[in-house]
Amino acid sequence: MTRLTPALAAFAVLFAAPFPLAAQDLLPTVGDSISNFRSAGAWEIRKNETRGVCFASYKSESGAIVQFGFASDEKAGYLGLFSQRSPDMPATQEIAVLANGNLYVGEAIGVGSTPMDGYEGGYIVVNNPEFAKDIEAGKELVAFPEMAYTFIVDMRGAKTAMYEVRKCTSELKRM
């Protein structure tokens, strides 16, 4: 990943402003009422009836789980990375995510165990409407936590998944 270091100065840095919603109002947690909505390629779209929004997730070839979701107005969103071999995660840490040529800097929230049994990891919460567009672009994301390594996330199929997340959230709001 060192090849990206000189290029980072050329990218527009989009800082995550204070989160407009409390993270606990948006992020899926153990005990939430979560059910399947439908599949969108490799992505599973899930309804979180407790939070009133939907999210997408998939299991990568390495066994890691990737999640993304947004507030219903898409002004804020999150990206979650989880693994059964997760390194010890602090409760919070600074993190940067390079998505579609934009660098988002914010705070990662380590959640320990997740709604998926046996998985641990955390979320980056971003208060920037451009984040939804960059997720939807479906390109590779690179996450730079305050650790000695990076995470590369394949986001292929995210455009279709995003469409289904929007549809799911709209249906959930009408209930």
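Attention here is on the structure that accompanies the text. (Residues numbered from 1 in each chain as written. Predicted model: local features only at pLDDT ≥ 70, side-chain atom pairs only at ≥ 80, totals over all residues. Heavy atoms only, no water.)

Take the nonpolar core next. If you look at the biggest cluster of nonpolar residues, it comprises 31 residues, and the most contacted ones within it are Trp43, Ile45, Phe68, Leu79, Ile135, Leu141 and Met155. No other element matches the 6 residues that helix α2 (residues 158-174) contributes to this core. Each residue touching Phe68, except ones within four places of it in the same chain, is listed here: Trp43, Phe55, Ala56, Tyr78, Leu79, Ile135, Met155, Ala158, Ala161, Met162 and Val165. The next biggest cluster of nonpolar side chains, apart from the first, holds 10 residues, and it includes Leu26, Val53, Ile65 and Phe82. (Core = buried A, V, L, I, M, F, W, Y, C linked by side-chain atoms within 4.5 Å. Buried < 20%, exposed > 50% of the residue type's maximum accessible area, 1.4 Å probe, protein only. Helix = DSSP H or I, 4+ residues; strand = E, 2+ residues; numbered from the N terminus. Contact = heavy atoms within 4.5 Å.)

In this section: the pattern of salt bridges. Summed over all chains, the structure comprises 6 salt bridges. Residue Arg156 pairs with Asp154 through a salt bridge whose shortest N-O separation is 2.4 Å. Here Asp154 falls in the partly exposed class, since its relative accessible area comes to 29%. Beyond isolated ion pairs, a larger network of salt bridges with shared partners links Glu74, Glu136 and Arg166. (Salt bridge = Lys/Arg side-chain N within 4 Å of Asp/Glu carboxyl O.)

Once that is clear, we can look at the packing of aromatic side chains. For the coordinates displayed, the defined rule picks out 7 aromatic pairs. With a centroid separation of 4.5 Å and an interplanar angle of 70°, the aromatic rings of Trp43 and Tyr58 are classed as edge-to-face. Residue Trp43 is found in strand β3 (residues 43-48), and its partner Tyr58 is found in strand β4 (residues 53-59); the two are separated by 15 residues along the sequence. Among the residues examined, Trp43 registers a relative accessible area of 1% and is labelled buried. Relative to Tyr123, the ring of Tyr78 has its centre 5.2 Å away and its plane inclined at 90°; by these criteria the two rings are edge-to-face. Of this pair, Tyr78 sits in strand β6 (residues 77-83) while Tyr123 is found in strand β9 (residues 120-126), placing the two residues 45 residues apart along the sequence. Per residue, the accessibility class of Tyr78 equals that of Tyr123, and both read buried. Grouping aromatic residues by their ring pairs yields a cluster made of Trp43, Tyr58, Phe68, Phe70, Tyr104 and Phe131. (Phe/Tyr/Trp six-rings, centres within 6.5 Å; stacked < 30°, edge-to-face > 60°.)

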